[in-house]
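What follows is the residue order along each chain.
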Amino acid sequence: MDENKQRGQWGSTFGFLMASIGSAIGLGNLWGFPYKMGSTGGFAFLVVYLILVVLVGRLLMMGEFALGRKTGLGVGAYAKLGQKYKVIGWMAAFCPFLILGFYSVLAGMTLRYCVGFLVQIFGMDGFAGQGSGFFGYLLYDTKSMVLFLALAMLVTMVIVMGGVQGGIEKFGKVAMPALGVILIGIVIFVAFQPGAIEGYKFMFKPDFSQFTDPKSFFNVLKVASGQMFFSLSLAMGINITFGSYLAKDKDIQKNALIVPFSDTLFALFAGMMILPACAAFGVDYGAGPGLLFASMQNVFLDGMGGMVGNVIGFLFYFLVFIAAITSSIALLEVLASGVVDKQIAKGKNPNRKMVSILFAVAIFIFALPTAMDALGSGGAAVPAPFELLGLEIGGEGYAMWNDCWLDLYDMITEGVLMPLGALFMSLLLGWKFPNLVKDECEASGHKFRGEAYTKFAFRFLIPIVMAIVLYTQIQAFFL
Ligand code: PHE
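Conventions and cut-offs
Residues numbered from 1 in each chain as written. Predicted model: local features only at pLDDT ≥ 70, side-chain atom pairs only at ≥ 80, totals over all residues. Heavy atoms only, no water. Helix = DSSP H or I, 4+ residues; strand = E, 2+ residues; numbered from the N terminus. Polar contact = N/O pair within 3.5 Å; in protein donor to acceptor, adjacent residues only side chain to side chain. Near = heavy atom within 4 Å. Areas by Shrake-Rupley, 256 points an atom, 1.4 Å probe, with all protein chains shown as cover. Disulfide = S-S within 2.5 Å. Phe/Tyr/Trp six-rings, centres within 6.5 Å; stacked < 30°, edge-to-face > 60°. Buried < 20%, exposed > 50% of the residue type's maximum accessible area, 1.4 Å probe, protein only. Lys NZ or Arg CZ within 6 Å of the ring centre and 35° of its normal.

A.B. asks: Give a description of the side chain of Arg 69 that names residues and reports values.
C.D. replies: By the element assignment, Arg 69 lies in helix 4 (residues 43–71). At a separation of 2.8 Å, a polar atom in the side chain of Arg 69 contacts the side chain of Glu 440.

Here you go:
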């Protein structure tokens, strides 16, 4: 009990769920999902993504919750299973660091757009006279990029310093339901715009043309699987950490259904907000990572226009910023709790505040190249990886991963470390500790469902899918 007090524990299942859902729902849903669906052909991506979440993602999440609660630790859980597994924990801990290295920059950008629309509501120009060309301008406005990155990091840090119940849980309980309400409101608004129907067709009209060519199929698989890891916050210790704060009487299996379900629902809503809006206002689906910024701003500013556009634009970016913050606090929490646990194990009084501050500063520095390379548009304050390598935009050797620092950090995590972590975890849970998940789930007195499939998935299905994903990723790396 004493230890629980020092580490922290969830005040209620609702709080746990809101924090977990808050971690899962973020820029991955609102920024990543629509643009990735937009650039890989809509329907094909959606189908592969849904299959992956049902067959693989939810099991990985359940495994992580169980692992966390069983060991009572976050990323340290693997070392507790056996010293030789320690490296998996390290791999997992490295991911949040890398992800925050770009996530915080994106969060800062959404805050900038939010402020921009707020200022517009009061009749002033919020976008430096650039109108919907603001995206390209902001990327080279190094001072603003760094300032808003710092603000995003600061907000995250303050919440994590507050601890499990006081900070993370409190924030999640209010922010997540509010988010749902605003999101649905915008979905309905967009549905009434003429031309929106094309966007729904793009998402939901069966089209199997991507599946006939193996190359495009594997590409869809790779993108969808990366998206699944990212969106469900898998393979980086988050769900392990959150599971470790979960009381023994809680039903893990049920929670491992609610979280992925909500996450997927939000991603679908985000798709149904952004893609039909693009269709209605003549914005290209395949605009890539800029879709959330450049294209949506276009929708509010030029498509809707006037006061309505400013207000909806403000609400929209405010919503995205909140979603980003609930995720980045989870990311920082993994790192902070890892050290707090170590301090407790050594018999020291943990210093959560100090640890949070140190990590936040380190991440801020690490994120600077992402904020200053103009997302690889060339000739920015900090050269992008491809420029350092002496390559030309679009030329030979120019690839996704060396395009900009964001893509490099993203590829290392989503593309390599997470599938690798998931591969190791499922092998461990499938072969070395085959009863761990079931026993831990049943420890609360609930009966475990789907035992045969779970065994099969941990032993064979997940490792095979992960191996394919890694292979495709490595191939793309040397392209
Ligand atoms: N799942 C979050 C999103 O979709 C991102 C995230 C990843 C959050 C990893 C926490 C951990 O935006």
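A.B. asks: Can you tell me about the environment of Gly 395, naming the residues and giving the values?
C.D. replies: Looking at where Gly 395 falls in the secondary structure, it is placed in the loop between helix 17 (385–388) and helix 18 (405–432). Separated by 150 residues in the primary sequence, Gly 395 and Tyr 245 have C-alpha atoms spaced 49 Å apart.

A.B. asks: Just give me the short version of the site of the ligand, but keep the residues and values in it.
C.D. replies: In the vicinity of the ligand there are 14 residues, among which Leu 27, Gly 28, Tyr 103, Phe 230 and Ile 238 approach most closely. A distance of 3.1 Å separates a nitrogen atom of the ligand from a polar backbone atom of Ser 23. Between the ligand and the protein, one listed contact pairs a nitrogen atom with a backbone N or O atom of Phe 230 at 2.7 Å. Out of a free accessible area of 320 Å², the ligand has 100% covered by protein chains.

A.B. asks: Tell me what's going on with the state of the cysteines, and back it up with residues and numbers.
C.D. replies: Taken as a whole and judged by the stated rule, the model has zero disulfides. Just so you know, Cys 114 is unpaired, no disulfide at all, and the nearest cysteine sulfur is the one on Cys 278, 20 Å from it. Cysteine Cys 404 remains unbridged, with the sulfur of Cys 95 as its closest cysteine sulfur at 18 Å.

A.B. asks: Requested: an account of the packing of aromatic side chains, with residues and values cited.
C.D. replies: Following the criterion strictly, the structure yields 33 aromatic pairs and no others. Centroid distance Phe 314 to Phe 318: 5.9 Å. Interplanar angle 20°. Geometry classified as stacked. Linking Phe 314 with Phe 318, this pair stays in helix 15 (residues 306–345), spanning four residues, or about one helical turn. Classification of Phe 318 as partly exposed rests on a relative accessible area of 34%. In textbook terms, an aromatic cluster arises when at least three aromatic residues are bridged by ring pairs, as seen for Tyr 113, Phe 117, Phe 127, Phe 134, Phe 135, Tyr 137, Phe 293, Phe 300, Phe 316 and Tyr 317. When the ring centre of Trp 431 is taken as origin, the NZ or CZ atom of Arg 459, which lies over that ring, is 4.5 Å away.

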